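Observations on the model geometry
Here is what each chain is made of, one letter per residue.
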Amino acid sequence: MAQENRRSTAGQESPAPQFRGWSENIGTLRSYYQRLQQVAGEAAAVIAPQGSPGGALDLGINGAVFERETFRIMVLGEFSSGKSTLINALLGKRLLPTKANPATAFTTVLRWGETERAWLYRDGDRRSGETAVTTEEFKREVALQIDAKGAPRTPSFALAIVEQPLELLRRSVEIVDSAGINESSDRELVTLRYLEEVDAVLFVTDAGRPFTLHETENYLSRVRKLGHRDIFFVVNQFDRIEEEERAEVMSRCRNSVAEFTGESGGATPNVFFISALQALRARTDGNEEALKASGIGQLESALEVFCMRDAARVKFVRLAEFLRHNAVNLRVRLHDEGAVLMKSTAELRELLDRSQSTQDQLRASADAIRDIVSTKILGIENELQLRFAAFLTDISREIGGWHVTTGPGRLTRAVRSFTKGGRVAAQHELMDAYTVQLQEHMQVFCAQELDQVIEERQGDLVRQLEPLIRAHADLLDKLRAELTGSQSERDQNYLIYTLAIAAGKGKAGRDGRRHSDDVPLMFRPSSLMALGAGGGAVVAGGATAAAAAGLISLGLAVPPVGVAVAIGAAIGPLLASGAVFFADGKLQTRAAEEFAVHVKDSAAQTARQYAGSRAADLREMWGGISGTLHVQLQDLIGIVQRNIEESRQDEQAKAGMRDQLYAFEQRITDVEQHIATFLQPFVSEAEREQ
Ligand SMILES: Nc1nc2c(ncn2[C@@H]2O[C@H](COP(=O)(O)OP(=O)(O)OP(=O)(O)O)[C@@H](O)[C@H]2O)c(=O)[nH]1
Ligand SMILES: [Mg+2]
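Quick caveat: nothing in here was measured; it's all calculated off a predicted structure.

For a regular strand, side chains alternate in direction, first toward one face of the sheet and then toward the other. Burial runs high along strand β5 (residues 159-164): 6 of the 6 residues are buried. Here 6 bridges tie strand β2 (residues 107-112) to β5, and the two strands are oriented parallel to one another. Bridged to T108 within β5 is A160. The pairing of strand β3 (residues 117-121) with β5 spans 5 bridges and is classified as antiparallel. Across the sheet, residue R117 finds its bridge partner in β5, namely E163.

This brings us to the nonpolar core. Among the nonpolar cores identified, the biggest contains 45 residues, and L86, F138, L202 and L299 are the most heavily contacted of them. A per-element tally of this core places helix α10 (residues 296-341) first, with 6 residues. Those residues within four positions of F138 in sequence are excluded, and the remaining contacts are L95, L96, T108, A118, L120, V133, A160 and V162. Within the second largest apolar cluster, 42 residues are counted, among which are I395, F445, A615 and L618.

Moving on to the site of ligand 1. Around ligand 1, 22 residues are found, and the nearest of them are K83, T85, A103, T104 and D239. In this structure, G82 approaches ligand 1 through a main-chain N or O atom, which is 2.8 Å from an oxygen atom. A distance of 2.7 Å separates an oxygen atom of ligand 1 from a polar atom in the side chain of K83. Expressed as a share of its isolated accessible area of 650 Å², the protein-covered part of ligand 1 is 90%. Among the elements of the structure, α3 (83-91) and α8 (276-285) are those that each provide at least two residues to the shell around ligand 1. The element that contributes the greatest number of residues to the shell around ligand 1 is α3, accounting for 3 residues. The class makeup of the residues in the shell around ligand 1 is 6 nonpolar, 11 polar and 5 charged.

When the charged atoms of two side chains lie near each other, side chains of opposite charge can form a pair. Scanning the entire structure with this criterion turns up 27 salt bridges. The partner of E672 in a salt bridge is R331, and the shortest N-O contact between them spans 2.7 Å. With E672 in helix α22 (residues 651-689) and R331 in helix α10, this pair connects stretches of sequence that are 341 residues apart. With respect to class, E672 is no different from R331; both count as buried. Here E381 and R619 are joined by a salt bridge, their closest N and O atoms 3.0 Å apart. Separated by 238 residues along the polypeptide, E381 in helix α12 (residues 356-398) and R619 in helix α20 (residues 587-622) bring together distant segments of the chain. Taken together, the shared-partner salt bridges in this structure form one network comprising K376, E383, R387, E456, R457, D460 and R463.

In this structure the tally under the stated criterion is 9 aromatic pairs. Ring plane angle 25° and centroid distance 6.2 Å describe the contact between F232 and F272, whose orientation is recorded as stacked. Placement of the pair is F232 in strand β8 (residues 231-236) and F272 in strand β9 (residues 270-273), with a sequence separation of 40 residues. By the burial criterion, F232 is buried, and F272 matches it. Pairing F388 with F391 gives two aromatic rings, centres 6.0 Å apart and planes at 10°, and the pair type is stacked. With a gap of 3 residues between them, F388 and F391 both fall in helix α12, about one helical turn apart. Residue class for F391 comes out buried when judged on its relative accessible area of 14%. One aromatic cluster in this structure is built from F388, F391, F445 and Y610.

Rules used in this analysis
Residues numbered from 1 in each chain as written. Chains lettered and ligands numbered in written order. Predicted model: local features only at pLDDT ≥ 70, side-chain atom pairs only at ≥ 80, totals over all residues. Heavy atoms only, no water. Buried < 20%, exposed > 50% of the residue type's maximum accessible area, 1.4 Å probe, protein only. Helix = DSSP H or I, 4+ residues; strand = E, 2+ residues; numbered from the N terminus. Pairing = 2+ DSSP bridges. Core = buried A, V, L, I, M, F, W, Y, C linked by side-chain atoms within 4.5 Å. Contact = heavy atoms within 4.5 Å. Near = heavy atom within 4 Å. Polar contact = N/O pair within 3.5 Å; in protein donor to acceptor, adjacent residues only side chain to side chain. Areas by Shrake-Rupley, 256 points an atom, 1.4 Å probe, with all protein chains shown as cover. Nonpolar A, V, L, I, M, F, W, Y, C, P; charged D, E, K, R; others polar. Salt bridge = Lys/Arg side-chain N within 4 Å of Asp/Glu carboxyl O. Phe/Tyr/Trp six-rings, centres within 6.5 Å; stacked < 30°, edge-to-face > 60°.

Below you can see the structure in the form of structure tokens.
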């Protein structure tokens, strides 16, 4: 089924609009980058010839990001977790070597090609040249060889690029197989280095020992540190888990992921329980039933949604916004440089001295803004906590009236057979049924009520900050005019404007939910950035949209906290000693009572965790403002100081330089306009989708 879906989507004439022309779009952005870089280079030569200090104009962007025109997903995990088997299953083809012993010798990038082709590289940077090989030769090289003593041989290559005419790889999606980590330090290094070159990560863990401390602390943390927020968590080899233990393994894994992602800032966790081996066999045998049972379908759908809908937006919008922001900075900087050039050293010195108190005032006002933001967010955090705790306490009274459904005849069978396994399974089923219902209620409450609170408080914050930021901007402009002697062309309303859309002001016809995706990228939490405009709503609470997009599994938008575990612990003994409850059919009533007690008891803690994670997002979102104000001031003063130190003499030369700098500014403005036009369709697309 999933295969069918994939085919039909991949074969469509019209993919998601923003995915059309992927290469052209990246190419366009690259050309803007090159134009800006050229201006920066030429301007640097004018401002600071002969490499004099302080004159470097750094665009702050590594051009390499514009070179690759694909969306690259890396499959990562400990050795023998089933990474290669999983990719083979996704491809529907036994392309990559798999075996019980460590099997994959080096990183392999799989990408689309009309015909099968492969190249091998001795180093990961591809500096040492490439060797074209056949698919068979590739397969031989990439399979880790064992010497006579049983030790793995050092592979001759570090990277392979393999082109295959497979649907999955169409539309610029690349999949990377990696040598398993935690097996050999050399191979691990090759794998981990490559992490920096990918856009998203699919982490494979073994269901028999899922998410070990070693995995989370060494590898997953590293993945997060590299800025990856789009992690797909795959619990593989699920077929090896006894049926009656599956529910427990699932909740434990979800819990591990929630703990991990929660700790590091709250991404949107995608956890999938699959059997890659079953999926591969089923796909090569054409057995649809078995394919469905393997669980690979959910993963494929999520990947598909991600690649088709979010990947383009993630990549384009992020790059374009980043580029635009850098262009504005560069332009303002050149403008200030040009203006300061016309002043004598003595004049500049005096101006700097005279402006000391204005400078102090500006620093103080940036600090005051920071303090207001942090006090306000603390207030929001407390309010969320109180409201959420009250909601949980209230709902604990309703639990007795909930209709929970368990598998057909499950409880009756457990009663009859009364085996340990039967009881454990029944226990899990009850526990899951109640937990799912609770999480549904929590999601609705968070999305409908708490989001509203956050939005309102953010609106208050904007209203409070607006006059302060305006005053700050005016003061900064006054200082700029004093120091440079000219009116700046900086968009004074930039911060105010971005703040206003952040809180949902000034746009007609918006509904209450739409706050997060309009938050300008520079003020978005990185998790939002990574998800792009559409996915943004997910993290900030739009659980429904996320679920609709298949991006999260139920319950993970709100941390399930210890509730499920506590409930398991409570129902367990009931079932164990359960003759009396089974006998009079009151099991569910008692389970509901226990569940309610635990919900009530853990309400405060659940609320604290929830409020904490929302507040962390808000802090990240708003925290950049004060920093930006400080940097603006420092840039301005820095230019004056540098000019004082360099004390240029020739007035005519200065005038010439100034004219040149103004011409550079004009070129940058031009690029800025192009970027804005480029971004327009992506922004409107995000709006339509909401
Ligand atoms: N039962 C079962 N076995 C699996 C599954 N997936 C993979 N395996 C087996 O696990 C072993 C390791 O699989 P590989 O795909 O080679 O694992 P890998 O993660 O690529 O390993 P390295 O390349 O060494 O890092 C093989 O014997 C597979 O057949 C699964 O879902 N269920
Ligand atoms: Mg492998």
